[in-house]
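This is what each chain is made of:
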Amino acid sequence: MAFRRFASRVLASRVCGVRGASLLSRRCLETPIFSSGSSSWNGKSQRLAALGAAGVFTFALVELGFNQAALLEQDEQKSVEALVTTKEARKLDESFISELQAIFEAERIAFDPDERFNHGKPWNTYHPVEHIPDVVVYPRSADEVQAAVKLCAKYKVPVVPFGGATSLEGQTLTPSGGVSIDMQLMKKVKALHIEDMDVVVEPGLGWIELNEFLKPYGLFFPLDPGPGATIGGMCATRCSGSLAVRYGTMRDNVISLKAVVANGDQVKSGSRARKSAAGYDLTRLMIGSEGTLGVITEVTLRLQKIPEASIVAMCNFPSVKDAADVAIATMHLGIQVSRVELLDEMQVKAINLANGRNYPEQPTLMFEFIGTENYALEQAKLVHKIVVEHSGSDFVYSNTPEEKEDLWKVRKEAFWACSTLRPGAEAMVTDVCVPLSRLAECISTSKAILDASSLPSAIISHAGDGNFHTVILFDPANKDEAEEAQHLCHKMVHIALAMEGTCTGEHGVGVGKMKYLEAEFGSEALSAMGKIKKCLDPDNIMNPGKIIPRQFCC
């Protein structure tokens with residue numbers, strides 16, 4: 001179970017040979033910025049350490065009552081044993097293994113079943129697992145990535161890049177086995193250009209770590225997906241987050257990148273210039289490709305100045321439609337909000353249960369206004385007026401650091417809080433996005449279907465750009481519940497597509513949303529994508545089985 005598995009890995013006394021207490025703290029504290037190494041590396045997987053970059057969730061989970069780690073670890077071990085039985089399904093060529101060992105020293109190459117399992121079954125995916133990777137490697141440089149990919153191309157072995165393990169649609173699953181290339185040792189800041197407001201980083205660096213590094217310079221990187229997400233993975237999945245309404249998505253914030261493609265060539269997609277009309281836009285081609293076209297080895301990011309002042313506001317509504325209508329009206333008036341987040345009443349109930357809060361269990365909007373202190377306050381007052389006109393109530397806002405942190409903590413913990421609605425259940429997390437004018441209708445229609453189901457669910461929306469997420473809690477061992485969860489997800493996607501929306505606004509395609517792409521794009525577009533894939537990856541070794549349905553890759 002996703003929630004239980006995560007709790008087990010964090011809280012168990014021993015997780016894959018790394019003590020749980022250090023597992024979370026290490027990723028956060030050991031950031032070799034402007035350095036060459038990782039002297040404390042011990043060869044064991046530290047995937048959950050990525051999530052530890054926001055250690056607040058460790059304590060949140062404890063507060064939620066996940067105190068049966070030892071029993072849960074036993075459940076996971078059974079899953080490991082079941083999957084490890086497939087390890088002989090494909091036997092790697094001895095010459096391949098020998099050459100791989102010539103690239104990576106022993107402590108940076110892993111055949112250990114537990115470690116392979118952690119890479120083949122990420123903690124937060126509900127998708128079925130057919131195989132775990134045959135081997136995991138940990139490169140320290142682009143040259144090592146290049147050597148590994150060249151070797152895989154020679155032996156036609158699948159290559160699956162692995163970042164922060166926070167993706168939700170099975171992007172890092174290894175249905176064909178192969179090599180999982182874990183990028184966590186490549187997390188240096190290679191160059192910071194303060195005057196140009198850009199930074200060059202390696203792909204394994206987490207966005208939280210990056211912003212900690214940038215803070216003394218008055219700069220920040222504005223995308224804020226799940227805690228533990230790494231820059232390379234954020235590029236690969238074309239992520240965004242709550243700040244996208246003001247700063248755009250990953251495609252808007254990457255200036256250029258470098259990637260190793262299937263034949264082992266390292267491709268540079270552009271310069272540091274803020275704009276260019278030279279050649280094909282390889283940067284945007286790679287962003288969102290989910291490792292199916294190459295392994296990202298370096299990224300140049302656009303930075304922003306930390307705002308002078310900010311105000312966080314919160315208000316309640318009789319229905320999700322009323323809340324969504326306010327979000328739309330706010331955007332139509334041109335009010336410069338940096339965040340507009342919508343939580344339905346079930347999500348607020350979960351937050352109350354998880355945190356001992358007493359918020360009104362009604363659809364709720366949260367805003368963040370930035371700029372000068374006077375400007376932010378003026379924008380908050382304008383939105384307050386809109387809220388009153390749409391039957392909103394309990395409009396509260398704050399500009400003190402403590403109060404802002406407390407209010408925004410509610411939103412940051414929303415996903416974890418959902419487990420309180422049904423402890424021990426699996427979480428099917430999905431998202432869609434529609435044109436802003438259709439958001440209220442899309443959420444209302446979807447919510448009516450969700451509310452009619454026996455499965456508990458909650459809605460969280462980046463309401464300023466038409467994107468919303470649903471967390472559906474179900475028992476995967478119960479066939480009827482698993483089918484019902486899939487049915488709800490299916491209905492939600494088709495509602496969005498009927499409104500000229502997309503099957504995913506943030507989470508990406510992976511294996512979970514492939515079945516909807518033909519309805520969204522048409523067969524001609526998928527054929528064009530398949531030709532690009534075939535051209536760059538003729539042997540289909542780069543993260544096979546993701547994004548493009550098999551019939552369009554031939």
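Residues numbered from 1 in each chain as written. Predicted model: local features only at pLDDT ≥ 70, side-chain atom pairs only at ≥ 80, totals over all residues. Heavy atoms only, no water.

1. Let's talk about the pairing of strand S10 (residues 295–302)
Across the eight residues of S10, seven count as buried, placing the element largely inside the fold. When strand S6 (residues 198–201) meets S10, the two strands line up antiparallel, connected through four bridges. Paired with Asp198 across the two strands is Arg302, which belongs to S10. Alignment of strand S8 (residues 254–260) against S10, held across six bridges, turns out to be antiparallel. By the bridge assignment for S10, Leu257 is matched with Val299. (Buried < 20%, exposed > 50% of the residue type's maximum accessible area, 1.4 Å probe, protein only. Helix = DSSP H or I, 4+ residues; strand = E, 2+ residues; numbered from the N terminus. Pairing = 2+ DSSP bridges.)

2. Some words on the sheet that holds strand S4 (residues 179–182)
Spatially, four strands are ordered S1-S2-S4-S3 in an open sheet, and the strand pairing comes out mixed. Where the open sheet ends on each side, the last strands, each with one partner, are strand S1 (109–110) and strand S3 (159–162). Two elements, S3 and S4, share four bridges in a ladder whose sense is parallel. Within the sheet, the bridge partner assigned to Val160 lies in S4 and is Ser180. Packed on one face of the sheet, helix H7 (residues 113–120) meets S1, strand S2 (135–137), S3 and S4 and runs near 80° to S2. (Contact = heavy atoms within 4.5 Å. Axes fitted to C-alpha atoms, helices over the stretch in contact; angles between N-to-C directions.)

3. Description of the environment of Arg238
Relative to the elements of secondary structure, Arg238 occurs in the loop between helix H10 (231–236) and helix H11 (244–247). When its relative accessible area of 39% is taken as the criterion, Arg238 is described as partly exposed. For the pair Arg238 and Arg251, spaced 13 residues apart in the sequence, the C-alpha separation amounts to 6.4 Å. Sequence-distant contacts of Arg238, defined by excluding residues within four places in its chain, comprise Met250, Ile287, Gly288 and Glu506.

4. Points about helix H17 (residues 401–412)
End to end, H17 covers 16 Å across twelve residues, agreeing with the expected 16 Å (1.5 Å per residue, within 8%). When H17 is considered as a whole, its buried residues turn out to be Lys404, Leu407, Trp408, Val410 and Arg411. One side of H17 carries all its buried residues, which in axial view fall inside an arc of 135°. H17 presents Pro401, Glu402, Glu405 and Lys412 as exposed residues on the side facing more than 90 degrees away from its buried surface. (Expected span 1.5 Å × (residues − 1). Arc of directions from axis to C-beta.)

5. Some points on the side chain of Glu298
Positionally, Glu298 belongs in strand S10. A distance of 2.8 Å separates polar atoms of two side chains, one belonging to Glu298 and the other to Lys190. (Polar contact = N/O pair within 3.5 Å; in protein donor to acceptor, adjacent residues only side chain to side chain.)

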